[in-house]
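Architecture at a glance
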Amino acid sequence: QVQLVESGGGLVQPGGSLRLSCAVSGRTFSSYTMGWFRQAPGKEREFVAGIGWTGASTYYADSVKGRFTISRRNANNTVYLQMNSLKPEDTAVYYCAADRSGRYYPPSSRNLYNYWGQGTQVTVSS
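Residues numbered from 1 in each chain as written. Predicted model: local features only at pLDDT ≥ 70, side-chain atom pairs only at ≥ 80, totals over all residues. Heavy atoms only, no water.

**Points about the overall build of the protein chain**
Basically, it comes down to this: The way it works is that DSSP assigns letters per residue, a run of H or I at least four long becomes a helix, a run of E at least two long becomes a strand, and they are numbered from the N terminus. In this treatment the radius of gyration is a C-alpha quantity, and the globule benchmark scales as 2.2 Å times the residue count to the 0.38 power. Remark: exposure states derive from per-residue accessible area (1.4 Å probe, protein chains only) relative to the maximum for the residue type, with buried under 20%, exposed over 50%, and partly exposed in between. Throughout, a residue-residue contact means that at least one pair of heavy atoms, one from each residue, lies within 4.5 Å. Note on areas: Shrake-Rupley with a 1.4 Å probe; residue coverage comes only from the protein chains shown.
What the protein chain contains, in helices and strands, is zero helices and 11 strands. In the protein chain, the succession of helices and strands from N to C terminus is β-β-β-β-β-β-β-β-β-β-β. Scaling as 2.2 N^0.38, a compact globule of 126 residues should have a C-alpha radius of gyration of about 14 Å, and the protein chain matches this with 13 Å. Its C-alpha atoms put the protein chain at 40 × 30 × 25 Å along the principal axes. Within the protein chain, the proportion of its 126 residues that are buried is 45%. Contacts in the protein chain between residues far apart in sequence, at least 24 positions, make up 59% of those at least 6 positions apart. Total accessible area on the protein chain is roughly 6,500 Å²; 44% of this is exposed by carbon and sulfur atoms.

**A short note on the packing of aromatic side chains**
Convention followed: Centres within 6.5 Å make a pair out of two Phe, Tyr or Trp rings, where for Trp the six-membered ring is used; the pair is then stacked when the planes are under 30 degrees apart, edge-to-face when over 60, and tilted otherwise. Over a ring means this: the NZ of a Lys or the CZ of an Arg is within 6 Å of the ring centre and within 35 degrees of the ring normal.
One pass over the full model with this rule turns up seven aromatic pairs. Within the aromatic cluster, the residues linked to one another by ring pairs are Phe37, Phe47, Tyr59, Tyr113 and Trp116. Geometry around Tyr80 places Arg19 over its ring, the cationic atom sitting 4.1 Å from the centre.

**Structural notes on the state of the cysteines**
Selection rule: Cysteine sulfur atoms that pair up within 2.5 Å are treated as a disulfide.
Taken as a whole and judged by the stated rule, the model has one disulfide. Disulfide partner of Cys22: Cys96, at an S-S distance of 2.1 Å. A torsion of -85° about the S-S bond marks the disulfide between Cys22 and Cys96 as left-handed. Highlighted residues: Cys22 in strand E3 (residues 18-24) and Cys96 in strand E9 (residues 92-99), separated in sequence by 74 residues. For Cys22, a relative accessible area of 0% corresponds to the buried category.

Here is the structure:
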């Protein structure tokens, strides 16, 4: 049973920062490709960032490139999303996802991820 639990969401002012964490249960975490997605009310769930199983390859949506950074620490089965220079349009529920195929390059398609967390709310507002 693989479980993903997100934390770190909350209310932040425009221009501020948040760091999301995703704790993953499972002894094969080190071979998983990991990703972050987000979903705003009335919109489709969209890809935000991904990191390959080695941690060497990352990929970002154009909307967050240069502002967000994804990283992983295999020692404690945790994936992070550092979010800087936050904008009101970043407001959404953020989901952590795992791809058990362990791809070197992280995919952006939701269909290629096998496990999902429950999400954490991020609100950017004055």
